[in-house]
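# Structural overview
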Amino acid sequence: MKQRIATVTALVAAVASGSSVAGDWVTTIDAATYNGSTGTIRFNDWGYTGPAGADAGDFQIGSGFDSSSIGQIQHVITREPDWLTPDAPHTVYGDLYSSPTYSNASMDGGVNFYKWAYTTPANSTFSSMKIDTAGNYYIARDDMSFGYYDMFEYRDTTGTNPGQSIDTRINFQPYTISDARGWCGSTLVTNPNGVEQMAGQVTFDFAMDVYFDLGTAPSYSSTQLIPDFAMRSYGDYTIDVNTSGGDNMFFTGSAVGNNTDPASVVAGVGGELDPDYQNQVSFLGGGVIPAGVWVSADSFNEDGSRRMREDYNPTTGSSNSVWDVAIVEEGTEGALWHSNAYAGFAYLLRADGMRILDYVNPDGHSIYVDTATVPEVPLPGAVWLFGSGLLGLVGAARRRKSA
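All of these numbers come straight from a predicted model, not from anything done at the bench. (Residues numbered from 1 in each chain as written. Predicted model: local features only at pLDDT ≥ 70, side-chain atom pairs only at ≥ 80, totals over all residues. Heavy atoms only, no water.)

## Observations concerning the overall build of the protein
To keep it simple, the criterion reads: Helix and strand definitions follow DSSP, with helices as H or I runs of at least four residues and strands as E runs of at least two, each counted in order from the N terminus. The buried label goes to any residue with under 20% of its type's maximum accessible area, the exposed label to any with over 50%, and the partly exposed label to all in between, with areas taken from a 1.4 Å probe on protein chains only. All accessibility values rest on the Shrake-Rupley procedure with a 1.4 Å probe; residue burial counts only the protein chains present in the view.
When helices and strands are tallied, the protein shows zero helices and 22 strands. Counting all 403 residues of the protein, 54% fall into the buried class. Split by element, the accessible area of the protein, about 16600 Å² in all, is 49% carbon and sulfur.

## Topic: the nonpolar core
Worth spelling out the cut-off: Remark: nonpolar core denotes a set of buried residues (Ala, Val, Leu, Ile, Met, Phe, Trp, Tyr, Cys) joined through side-chain atoms within 4.5 Å. In this analysis, two residues are considered to be in contact whenever any of their non-hydrogen atoms come within 4.5 Å of each other.
F113, W116, Y118, F172, Y234 and Y342 are the most contacted members of the largest nonpolar core, which has 57 residues in total. Not counting residues up to four positions away in its chain, the partners in contact with Y118 are D95, G109, G110, V111, F113, Y149, M151, F152, T168, I170 and F172. If you look at the next biggest cluster of nonpolar residues, it comprises eight residues, including V92, M107, A117 and I166.

## Regarding the packing of aromatic side chains
Applied cut-off: Stacked, tilted and edge-to-face pairs are distinguished by plane angle, under 30 degrees for stacked and over 60 for edge-to-face with tilted covering the rest, among Phe, Tyr and Trp rings (Trp via its six-membered ring) whose centres lie within 6.5 Å. Two limits define a charge over a ring: the Lys NZ or Arg CZ must be within 6 Å of the ring centre, and within 35 degrees of the ring normal.
Scanning all chains against the criterion turns up 24 aromatic pairs. Among the aromatic side chains, those forming a connected cluster through ring pairs are F113, Y114, W116, Y118, F172, Y342 and F345. The side chain of K115 reaches across the aromatic face of Y93, ending 5.2 Å from its centre. Note that R232 overlies the ring of F43, its terminal NZ or CZ placed 4.4 Å from the centroid.

## A closer look at the environment of A291
With respect to the helices, strands and loops of the structure, A291 is situated in the loop between β19 (280-288) and β20 (292-295). C-alpha separation for the pair A291 and N35, spaced 256 residues apart in sequence, amounts to 5.0 Å. The contact partners of A291, leaving out residues within four places of it in the chain, are T33, Y34, N35, W337, H338, S339, N340 and A343.

## Thoughts on unusual backbone geometry
The phi torsion at N35 lies on the positive side, around 55°, for a residue other than glycine. Taking the relative accessible area as the measure of exposure, N35 reaches 45% and is therefore partly exposed.

## Section: the side chain of R232
Rule in force here: Charged residues are defined here as Lys and Arg on the positive side and Asp and Glu on the negative side; His and the ends of the chain fall outside this count. For salt bridges, the criterion is a side-chain nitrogen of Lys or Arg within 4 Å of an Asp or Glu carboxyl oxygen. Contacts described as polar in this section are N or O atom pairs within 3.5 Å, which, within protein, must combine one atom able to donate a hydrogen with one able to accept it, while residues neighboring in sequence count only if both atoms come from side chains.
By secondary structure assignment, the location of R232 is in strand β16 (residues 219-232). Comment: no salt bridge for buried R232; closest opposite-charge side chain is D55, at 7.8 Å. Here Q201 takes part through its side chain, which lies 2.7 Å from a polar atom of the side chain of R232.

## Concerning the side chain of T203
With respect to the helices and strands, the residue T203 is situated in strand β15 (residues 200-212). Separated by 3.0 Å, the side chain of T203 and the backbone oxygen of F229 make a polar contact. Setting aside residues no more than four positions away along its own chain, T203 makes contact with F59, D179, A180, R181, D228, F229 and A230.

## Overview of the pairing of strand β13 (residues 164-176)
Filter applied, for reference: For two strands to pair, DSSP has to find at least two bridges joining them.
Summarising the sheet, strand β12 (residues 149-154) and β13 pair through five bridges and their orientation is antiparallel. Opposite Y149, over in β13, you have F172 as the bridge partner. Here β13 runs beside β15; their pairing, made up of seven bridges, is antiparallel. Counted as the bridge partner of Q173 is D209 from β15.

## Regarding the pattern of salt bridges
On inspection of all chains with the given rule, the structure shows six salt bridges. Where D24 meets R42, a salt bridge forms, and the shortest distance between an N and an O atom there is 3.3 Å. With D24 in strand β2 (residues 21-29) and R42 in strand β3 (residues 38-44), this residue pair connects regions lying 18 residues apart in the sequence. Relative accessible area serves as the criterion here: at 31%, R42 is assigned to the partly exposed category.

## Describing the environment of A346
Among the secondary structure elements, A346 is positioned in strand β22 (residues 346-360). Between the alpha carbons of A346 and M249 there is a distance of 6.6 Å; along the sequence they are 97 residues apart. Other than its neighbours up to four places away in sequence, A346 contacts N112, F113, Y114, I239, V241, M249, F251, G287 and V288.

## Side note on the confidence of the model for the protein
Rule in force here: pLDDT expresses how confident the predictor is about each individual residue, on a scale running from 0 to 100.
Mean pLDDT over the protein works out to 80, with 76% of the residues at or above the 70 mark. Note that residues 306-333 has pLDDT below 50 and, in this model, 45 contacts with residues that lie over four places away or in other chains. In the predicted structure, residues 371-403 sits below a pLDDT of 50 and forms 167 contacts with residues beyond four places in sequence or in another chain.

## Quick notes on the environment of P121
Within the secondary structure, P121 is located in the loop between β8 (116-119) and β9 (125-132). Note: C-alpha distance between P121 and M151 (30 residues apart in sequence) is 8.3 Å. Filtering out sequence-adjacent residues up to four positions away, P121 remains in contact with T78, G147, Y148 and Y149.

## Some remarks on a nonpolar patch on the surface
In plain terms, the rule: Only residues whose relative accessible area exceeds 30% and that take part in no salt bridge are eligible for patches, with like-charged residues grouped when within 9 Å of each other and nonpolar side chains (Val, Leu, Ile, Met, Phe, Trp, Tyr) grouped when within 5 Å.
A grouping of L96, Y97 and L214 is seen on the molecular surface, where their side chains present a nonpolar patch of about 340 Å² in accessible area. With respect to the helices and strands, L214 occurs in the loop between β15 and β16. Given a relative accessible area of 47%, L214 falls into the partly exposed group.

This is the structure in structure tokens:
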């Protein structure tokens, strides 16, 4: 359940689509859905709105993405953290059979997961990111490729402890299992390559294969399936969730908008535009892994074949209680229930990146601006980014990492 709670304490300077009062978007974590975990995920939108007044609750403008009216195409490559983003430091615990505690850890470009942490790998790629003239985003599933999470680069924000490269014992390989959709605010500016405030968001489903790395070749453990993951290049996240065992998972973090000096970011407001940081951006998204998901009958295996339970009869049901016809939704006969081994664990993903503009429609990149101001040729370097996501859903066939 999501609700928007207006606040009156943080007014944001005018952005491309106009200024507004900042608001908190609150997701309630309920025990039934999240394996006993409870709490909230709070997203502060800085008062930013996108094309046609789209906000944090919207992932479509008008009738949705129009492939016949492309305004611009871009791609993004993630990079190593620069340790400038002023997110609050975090206490990180060693995972699995490791016991050290890393205090005051910088989470710039980092991933909080339960009490553990990982550093987002460089060179995750997001190709052919299409934006139509109305502001709709579309990224095909196969155009999103993520790195392998197996390290945490510890940096003590107080300078007391030396930096370390920590080889984590629990590793992750994320991959998308749906196309991404959303909106991009850069359609509202006069020049997509300009040093102006821009932001956006996308949602997609993803999977995360988990591996145990105990000194030999990593061994596969399990696959986590997570639907409706949202990643944004604006706003702040506050995750405050307790597991059924009473472990508190409290994470905070702020995005760094495109063209923004990361050291200037203030929670609830954002940062200052700076040409020295043109085309650089960070993004983030957070959630809790659900207890499980239904894998629908029209899902596909890795080889393209349909994934169906041949022994399931949608009329009589199956002898297996999991396949009781009474609990199978109409149209999903043959669906499989997938349980997540890490259900109830909260996470907050961050990444730094560089956006590169590949194409601008010479006839107008946006229905909101004067086409006379649009560059006549494609421009290198540009604005923005999404990526370093982690999870997914709906019938994903497991893609195991090669040893």
